[in-house]
Amino acid sequence: MSQRRRETKPLKRTVARRPELRTVVVFCEGRNSEPDYVNGLKKLPEIADNTALNLEIHPDQGVPLTLVQMAADRLADPEVDEC
C-alpha cells in the first residue's frame, strides 16, 4: 500500500484584505437630534461598508463660523479625509 501525501498549506503570510475606510468628521452643536441623524447614516450599507463617521459636538451654542473653523483645523490631520 502506498502512502498518500497531503498538500501542505503555504507558510507565507497573507496580505491584508480589509479595505481602508474613509474618515468623515461631522461637526454640530446639537446634542439631541444630530447624533441620531449621524447614527442613522452609519447604519446605511453604502456608508457602513467604506466610511467611518465621527461626530464632534461643540459644547456651546453659538456662531456657525466656529464649527467651520474647527472643521478647517481638523482637516490638517492626515487621518481625516473629509469634514
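## Concerning the overall build of the protein chain
Consideration 1: Within the protein chain, the regular secondary structure consists of three helices and two strands.
Consideration 2: Scanning the protein chain from its N terminus toward the C terminus, one meets helices and strands in the order β-α-α-β-α.
Consideration 3: Taking 12 Å as the expected radius of gyration for a compact globule of 83 residues, we find that the protein chain reaches 22 Å, considerably beyond that expectation.
Consideration 4: Counting only C-alpha atoms, the protein chain reaches 85 × 25 × 20 Å along its principal axes.

## Considering the side chain of T51
Consideration 1: Tracing the backbone through its elements, the reader meets T51 in strand β2 (residues 51–57).
Consideration 2: Only 2.9 Å separates the side chain of T51 from the side chain of N50, close enough to count as a polar contact.

## Quick notes on the nonpolar core
Consideration 1: Grouped together as the largest cluster of nonpolar side chains are five residues: V25, F27, L67, A71 and V80.
Consideration 2: For A71, the residues in contact, after removing those within four places along its chain, are F27 and C83.

## Some remarks on the environment of E29
Consideration 1: In this fold, E29 is placed in the loop between β1 (22–28) and α1 (33–42).
Consideration 2: Its relative accessible area of 18% is what places E29 among the buried residues.
Consideration 3: Considering only alpha carbons, one finds E29 and P64, 35 residues apart in sequence, at a separation of 8.6 Å.
Consideration 4: Setting aside residues up to four positions removed in sequence, E29 forms contacts with I57, H58, D60, Q61, G62, V63 and L67.

## Some thoughts on the pattern of salt bridges
Consideration 1: All chains considered together, the criterion is met by three salt bridges.
Consideration 2: E82 is the partner of R22 in a salt bridge, and the nearest nitrogen-oxygen pair spans 2.1 Å. You can see R22 sitting in strand β1 and its partner E82 sitting in the segment after α3 (64–74), a full 60 residues away along the chain.
Consideration 3: Given a relative accessible area of 37%, R22 falls into the partly exposed group.
Consideration 4: E82 gets classed as partly exposed once you look at its relative accessible area, which sits at 37%.
Consideration 5: For R74, the salt bridge identified is with D77, shortest N-O distance 3.8 Å.

## Regarding the state of the cysteines
Consideration 1: The tally for this structure, following the rule as stated, stands at zero disulfides.
Consideration 2: The thiol of C28 is not disulfide-bonded; the next cysteine sulfur, from C83, is found 13 Å away.

## A few points about the confidence of the model for the protein chain
Consideration 1: In this model, the protein chain carries an average pLDDT of 84, and 98% of its residues clear a pLDDT of 70 or more.
Consideration 2: By mean pLDDT, the top-scoring element of the protein chain is β1 (89), and the lowest-scoring one is β2 (87).

Definitions and cut-offs
- Residues numbered from 1 in each chain as written.
- Predicted model: local features only at pLDDT ≥ 70, side-chain atom pairs only at ≥ 80, totals over all residues.
- Heavy atoms only, no water.
- Helix = DSSP H or I, 4+ residues; strand = E, 2+ residues; numbered from the N terminus.
- Rg over C-alpha atoms; globule rule 2.2 N^0.38 Å.
- Polar contact = N/O pair within 3.5 Å; in protein donor to acceptor, adjacent residues only side chain to side chain.
- Core = buried A, V, L, I, M, F, W, Y, C linked by side-chain atoms within 4.5 Å.
- Buried < 20%, exposed > 50% of the residue type's maximum accessible area, 1.4 Å probe, protein only.
- Contact = heavy atoms within 4.5 Å.
- Salt bridge = Lys/Arg side-chain N within 4 Å of Asp/Glu carboxyl O.
- Disulfide = S-S within 2.5 Å.
- pLDDT = per-residue confidence, 0-100.

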